[in-house]
Amino acid sequence: MTKNINYKSYIVKKIIDVVYLLRKGIQTYKNDGCLSFWAKIKYYGGIKFNILMFQKKPTISIIMPVYNIGEIWLERAIISIINQFYKKWELCIVDDASTEKHVHKLLNRYLKEDNRIKVKYLPHNTGIANASNDAFQMATGEYLTLMDHDDMLTNDALFEIVKAINKNDPDIIYSDEDLIDKDDRHIISHFKPHFSPDLLLSHNYITHLLAFKKSLFLQVNGFSSDCNGAQDYDLILKLIEKTDKIYHIPKILYHWRKIETAVSENPDSKMIAVNAGLEVLRKTIKRRNIQGSVEKINSLGFYRIKRALSQYPLVSIVIPFKDKADLLRKCIQSIVSKSVYQNYEIIGLSNNSIENDTFQAMDELQKTDSRIRFIEYNTEFNYPKINNYAVSNAHGEHIVLMNNDIEIINQDWIEALLEHSQRNEVGAVGAKLYYPNDTVQHAGIIVGIGGFAGHSHKYEQRQKSGYFYRLKCIQNISAVTGALMMVKKRLFEEVEGFDEEYFKVALNDVDFSLKLRKKGYLNIFTPFCEAYHYESASRGYEDTPEKESRFNIEIKYFQKKWNEILKKGDPYYNINLTLEREDFSVKVD
């Protein structure tokens, strides 16, 4: 009987706690213009209730090095932590010998007001990495998170981290972020992909908010003092080498402030960070035994790891076509005249060609170069079947699938594809393709756009950088176009090539790419293989009732087969970005 009474008392207490916290949440956030009154009740009350129900309630230790920051920015940063819905945190501040008197005065005040705030004053300036390591020495939490002294957390930031911990038990967690001005006004949002190892080697897209297990921090020996300016980048690159339990929260939890004293605005600080990032990546590839070099893409902290070729294997370039001799000549001549890499063969596969000019072109091209040969495959048009047949006749270790309406631009295009295709973990590698008017036709394929799939940054100007420079960066992608793709022949055979039954004309390259991903391989987009694509010049568009009907049937089958990824969203995109266009604009509800 006593046990029942205690249980009832416990339930009553929990109900009282929830009501109290709900009322407090409504009162605190009643002026939040982003939500209606009842939406506030549901949202903030739900957060408080979830916190009460969490099985795991770890202490989150927030590491904050401080040095001569403006009083208003430091106070806003600290207040944003105090206002967290999740209260089981500690703020570990190390002042790196600030000379501005207001810094000590402000820190001492908060030190007295909240026993969760710990402060250490260093007698001499040691740099941000050493100061952060000193802050870590005060941390008692199971998880650590990093925060700059002039930035802000959203009120639900720690709640979302602990929610992810309870649901997924990750070792590393990161979120989306935005940039704010001196008046806390929103400038731009950065909605990030789920973990993309190749994008991370192009730039530190993870940045904030980053949380990780304290045990991992110990394994990598904390921050490296010789990486000041890019110490966070160095840390995350070392952390991910210790675990694959990495979780992305597709929600803005961190406000990165854009002010003159911040790295994002200060030219000197920015260049120090860019050069430090270059050295961090050089150390990373040495540590990982990656042969190659690191180059700056620009002065904004974006890089290219240019991998050395371990071997120079035979590459088979497969080009299916039907007539259109002018396109065929232009395509093959661009390969022969521009390619620096010489160990290749070209296999042209004629599908029902009938024009004399076509056969004359085939004869001429074969005579000009012994690496060029043609095969006739005169069956009803079935793009997968044609390519599968061509690949079965290829001798190369790596296959390049190429449309006959492609014109190569850069001389090292084969090397740019092969440096990734040679990697054991990589599936398909796709190129950057342009329309003749120098707008982007292909920069990777995003699954879900239009209800099935769309091309990243389609119609963007060639010289533009794209969404957070993704048009300039090597990155992981869900799918790449068969118009110009490289893949190891053994992987092509492992996934049984292109689907000849259900994707006879459309979506076969997307389906093929996803089959590789399902097997655990990484697909890659590289902007360092460039070509013009005179899209559909050889076959025309889906502009007849018959073609449209067939296309719709293939779409429906694709949606059925890949329903799971369509429901969850493309991991290399973001659920906050639109599926109605291909321009990375923010979704509008």
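Residues numbered from 1 in each chain as written. Predicted model: local features only at pLDDT ≥ 70, side-chain atom pairs only at ≥ 80, totals over all residues. Heavy atoms only, no water.

Caption draft 1: Representation of the nonpolar core within the structure. One finds Ile172, Phe212, Tyr233 and Ile236 to be the most contacted residues of the largest nonpolar core, which totals 46 residues. Per-element tally for this core: the top contributor is helix 10 (residues 267-287), with 6 residues. The next biggest cluster of nonpolar side chains, apart from the first, holds 41 residues, and it includes Ile51, Ile81, Val103 and Val162. (Core = buried A, V, L, I, M, F, W, Y, C linked by side-chain atoms within 4.5 Å. Buried < 20%, exposed > 50% of the residue type's maximum accessible area, 1.4 Å probe, protein only. Helix = DSSP H or I, 4+ residues; strand = E, 2+ residues; numbered from the N terminus.)

Caption draft 2: Fine view of empty space enclosed by the protein. By the definition in use, this model includes 3 cavities of 30 Å³ or more. Taken as a whole, the largest cavity holds about 70 Å³ of empty space. Taken together, Ile63, Pro65, Ile128, Ser132, Leu146, Met147, Asp148, Phe223, Gln231 and Asp232 make up the full set of residues lining the largest cavity. Listing elements by their share of the lining of the largest cavity, those giving two or more residues are strand 1 (60-66), helix 5 (128-137) and helix 9 (231-239). Taken together, the residues of the lining of the largest cavity sort by class into 6 nonpolar, 2 polar and 2 charged. By volume, the second largest cavity amounts to about 50 Å³. Of the residues contributing to the lining of the second largest cavity, the split by class is 3 nonpolar, 2 polar and 2 charged. (1 Å grid on protein atoms, 1.4 Å probe; cavity = no way out; pocket = protein on both sides within 12 Å on 5 of 7 lines; lining within 4 Å. Points joined across faces, edges and corners; volume = space filled by probe spheres on them. Nonpolar A, V, L, I, M, F, W, Y, C, P; charged D, E, K, R; others polar.)

Caption draft 3: Molecular detail of the pairing of strand 10 (residues 292-296). Here 5 bridges tie strand 10 to strand 11 (residues 303-307), and the two strands are oriented antiparallel to one another. Bridge pairing in strand 11 links Glu295 to Arg304. Where strand 10 hands over to strand 11, the hairpin turn is made up of 6 residues, of which Gly301 adopts a positive phi near 95 degrees. (Pairing = 2+ DSSP bridges.)

Caption draft 4: Spotlight on the confidence of the model for the protein chain. Per-residue pLDDT for the protein chain has a mean of 91; in total, 89% of the residues score no lower than 70. Counting contacts from residues 26-33, a segment whose pLDDT is below 50, to residues more than four positions away or on other chains yields 11 contacts. Here residues 537-541 scores under 50 on pLDDT; set against residues more than four positions off or in separate chains, the count is 13 contacts. (pLDDT = per-residue confidence, 0-100. Contact = heavy atoms within 4.5 Å.)

Caption draft 5: Up close: unusual backbone geometry. Here the bond from His208 into Leu209 is cis, since omega is -10 degrees, no more than 30 degrees from zero. Within the secondary structure layout, Leu209 lies in the loop between helix 7 (197-200) and strand 8 (210-213). Within the chain, Ala97 stands out as a residue other than glycine whose phi angle is a positive 60 degrees. Its location among the elements puts Ala97 in the loop between strand 2 (89-95) and helix 4 (101-113).

Caption draft 6: Summary view of helix 12 (residues 356-368). The terminal C-alpha atoms of helix 12, which comprises 13 residues, lie 19 Å apart, in line with the 18 Å expected from a rise of 1.5 Å per residue. For helix 12, the complete set of buried residues consists of Thr358, Ala361, Met362 and Leu365. All buried residues of helix 12 project into a common sector of 100 degrees when viewed along the axis, lining one side. In helix 12, the exposed positions that point more than 90 degrees away from the buried face belong to Asn356 and Lys367. Buried positions along helix 12 lie against strand 12 (315-321), helix 11 (325-338), strand 13 (344-350) and strand 14 (372-376). (Expected span 1.5 Å × (residues − 1). Arc of directions from axis to C-beta.)

Caption draft 7: Seen up close, helix 6 (residues 157-168). Its 12 residues place the ends of helix 6 16 Å apart at the C-alpha level, agreeing with the 16 Å of an ideal helix rising 1.5 Å per residue. Along helix 6, the residues that are buried comprise Ala157, Leu158, Phe159, Glu160, Ile161, Val162, Ala164 and Ile165. After helix 6 finishes, the residue Asp169 shows a positive phi value of roughly 50 degrees.

Caption draft 8: Summary view of the environment of Pro170. With respect to the helices, strands and loops of the structure, Pro170 is situated in the loop between helix 6 and strand 6 (172-180). Residue class for Pro170 comes out buried when judged on its relative accessible area of 2%. Residues Pro170 and Phe212, 42 residues apart in the sequence, show an inter-C-alpha distance of 8.1 Å. In this view, Pro170 contacts Tyr143, Ala164, Ile165, Lys213, Lys245 and Tyr247; residues no more than four positions away in its chain are not counted.

Caption draft 9: Broad picture of the environment of Ala273. With respect to the helices and strands, Ala273 occurs in helix 10. Assessed through its relative accessible area of 16%, Ala273 is described here as buried. Along the chain, Ala273 and Leu300 lie 27 residues apart, while their C-alpha atoms are 8.9 Å from each other.

Caption draft 10: The pattern of salt bridges, seen in detail. Inspection of every chain in the model, using the stated rule, returns 36 salt bridges. Between Asp169 and Lys213 there is a salt bridge, and its shortest N-O distance comes to 3.9 Å. Placement of Asp169 in the loop between helix 6 and strand 6 and of Lys213 in strand 8 is noted, with a sequence separation of 44 residues between them. Here Glu241 ties to Arg288 by a salt bridge, and the two come within 2.7 Å at their closest N and O atoms. Placement of the pair is Glu241 in the loop between helix 9 and strand 9 (246-257) and Arg288 in the loop between helix 10 and strand 10, with a sequence separation of 47 residues. Take Glu241: its relative accessible area is 32%, and that puts it in the partly exposed class. (Salt bridge = Lys/Arg side-chain N within 4 Å of Asp/Glu carboxyl O.)

Caption draft 11: Region of interest: the packing of helix 11 against helix 12. One way to put it is that helix 11 packs onto helix 12 with a least axis distance of 9 Å and a crossing angle of 20 degrees. Considering the angle they form, helix 11 stands roughly parallel to helix 12. Note that helix 11 runs across helix 12; the crossing there is right-handed. Counting all contacts with helix 11, which are made through Ala325, Leu328, Arg329, Ile332 and Gln333, the residues of helix 12 involved are Asp357, Thr358, Ala361, Met362, Glu364 and Leu365. Across the contact of helix 11 with helix 12, the residue classes tally to 6 nonpolar, 2 polar and 3 charged. (Axes fitted to C-alpha atoms, helices over the stretch in contact; angles between N-to-C directions. Parallel < 35°, antiparallel > 145°, perpendicular 65-115°, else oblique. Left-handed = near helix turned anticlockwise from the far one by under 90°.)

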